[in-house]
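Coordinate inspection notes
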Amino acid sequence: VQLVESGGGLVQPGGSLRLSCVGSGFTFSSGYMRWYRQAPGKERELVAHISSAGGSTNYADSVKGRFTISRDNAKNTVYLQMNSLKPEDTAVYYCNTVRMGLPYWGQGTQVTVSS
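All of the points below concern the structure found in this document. (Residues numbered from 1 in each chain as written. Predicted model: local features only at pLDDT ≥ 70, side-chain atom pairs only at ≥ 80, totals over all residues. Heavy atoms only, no water.)

1. Comments concerning the state of the cysteines
In plain terms, the rule: Note on terminology: pairs of cysteine sulfur atoms within 2.5 Å are recorded as disulfides. Going along the chain from the N terminus, every DSSP run of H or I of four or more residues is numbered as a helix, and every run of E of two or more is numbered as a strand. Burial classes follow relative accessibility: with a 1.4 Å probe on protein chains only, a residue under 20% of its type's maximum area counts as buried, one over 50% as exposed, and anything between as partly exposed.
For the structure on display, the rule yields one disulfide. Across a sulfur-sulfur distance of 2.1 Å, C21 and C95 are joined as a disulfide pair. For the disulfide bridge between C21 and C95, the dihedral angle about the S-S bond is near -80°, and by the sign convention the bridge is left-handed. With C21 in strand 3 (residues 17-24) and C95 in strand 9 (residues 91-99), this pair connects stretches of sequence that are 74 residues apart. The same class applies to C21 as to C95, namely buried.

Next comes the structure, spelled out in structure tokens:
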């Protein structure tokens with residue numbers, strides 16, 4: 001199982017970024033996908049998750065209305081569209097899935113929101 005994130009960077013407050021996570025080595029379409037983030041000195045937190053076919057999504061209260069999770073199973077990719085970014089969104093963002101009871105993580109992508 002391999003998860004590879006991309007799309008992070010430096011953005012000004014109010015700006016947007018789209019993160020991508022490409023999965024390989026497993027049947028991507030058969031399970032939930034999640035985005036987590038971890039800010040310096042803080043615990044890793046769940047940001048959003050999406051069901052296998054994409055019909056069900058859920059978000060942390062802190063990002064509701066600003067972030068959108070989606071997936072393209074034909075491309076083995078899950079996305080996180082982040083709008084109206086705030087400095088407190090600064091963190092390393094990780095893609096996650098659980099298969100056969102085991103969690104798998106990507107290497108993370110840094111998102112920095114600063115003027």
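2. Section: the side chain of D89
The condition is simple: Residues adjacent in sequence count toward polar contacts only when both atoms are side-chain atoms; beyond that, a polar contact is any pair of N or O atoms within 3.5 Å, and within protein one must be able to donate a hydrogen and the other to accept it. For this analysis, residues touch if any pair of their heavy atoms sits within 4.5 Å.
Mapped onto the elements of the fold, D89 is located in the loop between strand 8 (77-82) and strand 9. Here R66 takes part through its side chain, which lies 2.7 Å from a polar atom of the side chain of D89. If we skip the residues at most four places from it in the chain, D89 touches R37, R66, F67, S84, V111 and V113.

3. A few points about the pairing of strand 3
This is how the line gets drawn: Here a strand pair is declared whenever DSSP counts at least two bridges between the two strands.
As paired strands, strand 1 (residues 2-6) and strand 3 are joined by five bridges and run antiparallel to one another. Residue pairing for strand 3: L3 is matched across the bridge by G23.

4. Comments concerning the side chain of T109
Relative to the assigned elements, T109 resides in strand 11 (residues 109-113). Not counting residues within four places of it along the chain, the set of residues in contact with T109 comprises E5, S6, G7, G8, L19, A91, V92 and Y93.

5. Here's the deal with the packing of aromatic side chains
Basically, it comes down to this: The aromatic pairing rule takes the rings of Phe, Tyr and Trp, using the six-membered ring of Trp, and pairs them if the centres are within 6.5 Å, calling planes under 30 degrees apart stacked, those over 60 edge-to-face and the rest tilted.
Within this structure, the stated rule accounts for three aromatic pairs. Residues F26 and F28 carry aromatic rings whose centres are separated by 6.0 Å and whose planes lie at 40° to one another, so their mutual orientation is tilted. What makes F26 buried here is its relative accessible area of 15%. Seen from their ring centres, Y36 and W105 are 4.9 Å apart, and the 65° between their planes marks the pair as edge-to-face.

6. Some points on the pattern of salt bridges
Between side chains of opposite charge, a pair can form when the charged atoms approach closely. Note the threshold: Salt-bridge detection follows one rule: a side-chain nitrogen of Lys or Arg within 4 Å of a carboxyl oxygen of Asp or Glu.
Counted under the stated rule, the structure contains four salt bridges. Note that R37 is salt-bridged to E45, the shortest N-O span being 2.6 Å. Its relative accessible area of 6% is what places R37 among the buried residues. Among the ionic pairs, D89 bridges to R66, the shortest N-O distance being 2.7 Å. Placement of the pair is D89 in the loop between strand 8 and strand 9 and R66 in the loop between strand 6 (57-59) and strand 7 (67-72), with a sequence separation of 23 residues.

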